[in-house]
Amino acid sequence: METYDDQQLINLLRNPATLRKGFESMVRQYSEQLYWQVRRIVITHEDADDVVQNALLKAWNSIGTFKGDSKVFTWLSRIAINEALDFTRRQKNHPTVSTDDSELRLSSRLMADDYFDGDETEAQLQEAIASLPDVQRTVFQLRYYDEMKYSEISRILGTSEGGLKASYHIAVKKITDFFHRHD
């Protein structure tokens with residue numbers, strides 16, 4: 001399978017004759033990265049799959065609005081992250097069971113997930129991250145796991161770099177405090 005650089009992808013996506021090929025190539029090149037970005041936000045494999053599918057559908061439906069003034073992956077990330085954040089907000093607003101049930105703690109859900117291969121410490125880290133407000137959680141994940149530069153995160157989230165740096169450092173402090181409380 002052939003891979004394309006950003007400019008080649010943009011050219012394929014802009015040409016009606018090669019749009020489908022360009023979109024299929026884009027999905028093939030970036031699906032796994034999108035999956036992991038989304039998975040860290042929504043936690044479970046099944047939810048991540050659903051959110052990524054929805055994000056790709058939105059990308060397909062809005063391909064005509066992509067101006068090409070950012071990287072293709074940045075544009076896709078913005079759609080996927082917004083979709084994941086919308087999903088988590090809907091989950092918080094419409095819980096199907098009591099969130100007080102200790103058996104449903106995030107770490108317990110992660111350890112029971114067949115696709116989770118981490119240990120108890122990783123589960124606690126994910127629980128600490130999940131306890132963060134949406135923006136802090138997303139900034140932390142993009143910076144820590146994806147090692148994105150603040151400038152790219154700024155383009156994805158539409159927030160100033162200074163605000164992102166502050167959010168990241170506050171998130172790190174809260175995660176550190178979480179581990180101190182759960183020693």
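To start, this report covers the structure provided alongside it. These numbers come from a predicted model, not from an experiment.

As for the overall build of the protein chain
Working step 1: A tally of helices and strands in the protein chain yields nine helices and zero strands.
Working step 2: Each of the 183 residues in the protein chain was classed as buried or not, and the buried ones make up 43%.
Working step 3: The contacts in the protein chain between residues at least 6 apart in sequence include a share of 62% that link residues at least 24 apart.
Working step 4: With the model as given, the accessible surface of the protein chain reaches about 10,600 Å², and the carbon-plus-sulfur share is 49%.

Points about the pattern of salt bridges
Working step 1: Applying the stated criterion across every chain, the model contains six salt bridges.
Working step 2: A salt bridge links D146 to R40, with the shortest nitrogen-to-oxygen separation between them at 2.5 Å. One end of the pair, D146, is in the loop between α7 (134-144) and α8 (150-157); the other, R40, is in helix α2 (residues 19-42), and 106 residues separate them in sequence.
Working step 3: R40 sits in the buried class, given a relative accessible area of 12%.
Working step 4: Across the pair R89 and D134 runs a salt bridge whose closest N-O atoms are separated by 3.3 Å. Here R89, found in helix α4 (residues 72-93), pairs with D134, found in helix α7; they are 45 residues apart in sequence, far enough to count as distant.
Working step 5: Look at the salt bridges and you will find they share partners, linking D86, R89, D134 and R137 into a network.

Description of unusual backbone geometry
Working step 1: Of note, E147 is a non-glycine position whose phi angle comes to about 50°, a positive value.
Working step 2: Summarising the element assignment, E147 is placed in the loop between α7 and α8.
Working step 3: Since its relative accessible area comes to 64%, E147 is described here as exposed.

Focus on the packing of α4 against α8
Working step 1: Running from N to C, α4 and α8 point in directions that differ by 55°, and their axes come no closer than 8 Å. As summarised for this structure, α4 and α8 are arranged oblique, according to the angle between their axes. Crossing of α4 over α8 shows right-handed handedness. Residue-level contacts link F73, T74, S77, R78 and I81 of α4 to E152, R155, I156 and L157 of α8.
Working step 2: Looking at the contact of α4 with α8 residue by residue, the class counts come to four nonpolar, two polar and three charged.

Some remarks on the side chain of S77
Working step 1: For S77, the position within the fold is in helix α4.
Working step 2: Judged by its relative accessible area of 0%, S77 falls in the buried class.

So, how was this worked out
- Residues numbered from 1 in each chain as written.
- Predicted model: local features only at pLDDT ≥ 70, side-chain atom pairs only at ≥ 80, totals over all residues.
- Heavy atoms only, no water.
- Helix = DSSP H or I, 4+ residues; strand = E, 2+ residues; numbered from the N terminus.
- Buried < 20%, exposed > 50% of the residue type's maximum accessible area, 1.4 Å probe, protein only.
- Contact = heavy atoms within 4.5 Å.
- Areas by Shrake-Rupley, 256 points an atom, 1.4 Å probe, with all protein chains shown as cover.
- Salt bridge = Lys/Arg side-chain N within 4 Å of Asp/Glu carboxyl O.
- Axes fitted to C-alpha atoms, helices over the stretch in contact; angles between N-to-C directions.
- Parallel < 35°, antiparallel > 145°, perpendicular 65-115°, else oblique.
- Left-handed = near helix turned anticlockwise from the far one by under 90°.
- Nonpolar A, V, L, I, M, F, W, Y, C, P; charged D, E, K, R; others polar.

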